[in-house]
Amino acid sequence: MRFVYEYRTSDNVRHDGEIAATDREAAFRALKEIGIRPGRLETAPGFFNKYLGNWKLRLAAIGFFAVTAVGVSLPFVSSYFVGTREEQAVPPAPVTETSLYVDENGFAKPIERRQIWGDEAVISAAARQNWRVIFSNPGERLLALFAEPGMKLSMLPRLPDSLQEDMEKALRTRLTISPDELDEYRQMKCIVEGMKAELRDYLAAGGNLAGYIKRLQARQNEEVAFLEKARVELEKQIESGADPVTAWQEMNKRIREQGLPALPMPGLN
């Protein structure tokens, strides 16, 4: 079956798309695996998709038409409906994880900044090392600091004297992804490639590296401030008598629309 979905990125831009899956739950899991939290996920319109997307219903329909067809030979009925099923009811193979992150040449595809989804232990360990495990270039490691929206930085590390040269080298090269690479690493590489594309546009418009770094800091600070404001507002709602769970769910819905990390359940932090 095919499903249509809608989501918003960290800059509150609405996007929609379509995905093939066996059912709605499988579609949701597939989107979650690539970091998309859909605000809307529905069966794609169309008779064949809605009613013949399920293989059992397709089989029943084929049997019904084959048995009730009058004046038509069995070989013709069989070949006609098998062809119809392949052309209209059977969805194409789902997009694989590799094709989402890697192009045909093995390079990381640029994607927008977002929360990295996966094993928290892997993500935390790599973040504590400033992602040195996958980036040898200091310029790319700097971008990785600002890759995930809403992540609070205690302080910006000392920038190397060679940063300008390092960043120019980073912009001239593309990150590659190996077949056995951890998914968390793949996501970070793709986000950094997206930020490199953003930097190229910024420089082409007349900006400079120092200005872009200030822009990254300002954006990160705004996201952190938004989260803090949301936390304070949630506490006030609960203190005024609002149901804690309902208020928490509604607040996190607003936060997710901004592409930011959800607040912890009240009383658990």
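Residues numbered from 1 in each chain as written. Predicted model: local features only at pLDDT ≥ 70, side-chain atom pairs only at ≥ 80, totals over all residues. Heavy atoms only, no water.

Trainee: What is the right way to read the side chain of arginine 141 from this model?
Mentor: Mapped onto the secondary structure, arginine 141 falls in helix α7 (residues 138-145). Here arginine 141 occupies a buried position and makes no salt bridge, while the nearest side chain of opposite charge, aspartate 166, is found at 7.1 Å. Residues contacting arginine 141, with those up to four places away along its chain left out, are Asn130, Trp131, Arg132, Phe135 and Ser136. (Helix = DSSP H or I, 4+ residues; strand = E, 2+ residues; numbered from the N terminus. Buried < 20%, exposed > 50% of the residue type's maximum accessible area, 1.4 Å probe, protein only. Lys, Arg positive; Asp, Glu negative; His and termini not counted. Salt bridge = Lys/Arg side-chain N within 4 Å of Asp/Glu carboxyl O. Contact = heavy atoms within 4.5 Å.)

Trainee: Explain the pattern of salt bridges to me, please; I cannot follow it from the model alone.
Mentor: All told, the structure shown has nine salt bridges when counted by the stated rule. Here glutamate 235 makes a salt bridge to arginine 231, at a shortest N to O gap of 2.6 Å. Of this pair, glutamate 235 and arginine 231 both sit in helix α10 (residues 209-239), four residues apart, which is roughly one turn of that helix. Relative accessible area serves as the criterion here: at 28%, arginine 231 is assigned to the partly exposed category. What you see here is one network of salt bridges that share partners, running through Glu140, Glu193 and Lys196.

Trainee: What is the right way to read the packing of α7 against helix α8 (residues 163-172) from this model?
Mentor: Two packed helices can be described by the angle between their axes and the distance between those axes. It is at 7 Å that the axes of α7 and α8 come closest, and there the two elements cross at 85°. Classed by the angle they form, the pair α7 and α8 counts as roughly perpendicular. Between α7 and α8, the contacting residues are Pro138, Gly139, Glu140, Leu142 and Leu143 on the first element and Leu163, Asp166, Met167 and Ala170 on the second. Across the contact of α7 with α8, the residue classes break down as six nonpolar, one polar and two charged. (Axes fitted to C-alpha atoms, helices over the stretch in contact; angles between N-to-C directions. Parallel < 35°, antiparallel > 145°, perpendicular 65-115°, else oblique. Nonpolar A, V, L, I, M, F, W, Y, C, P; charged D, E, K, R; others polar.)

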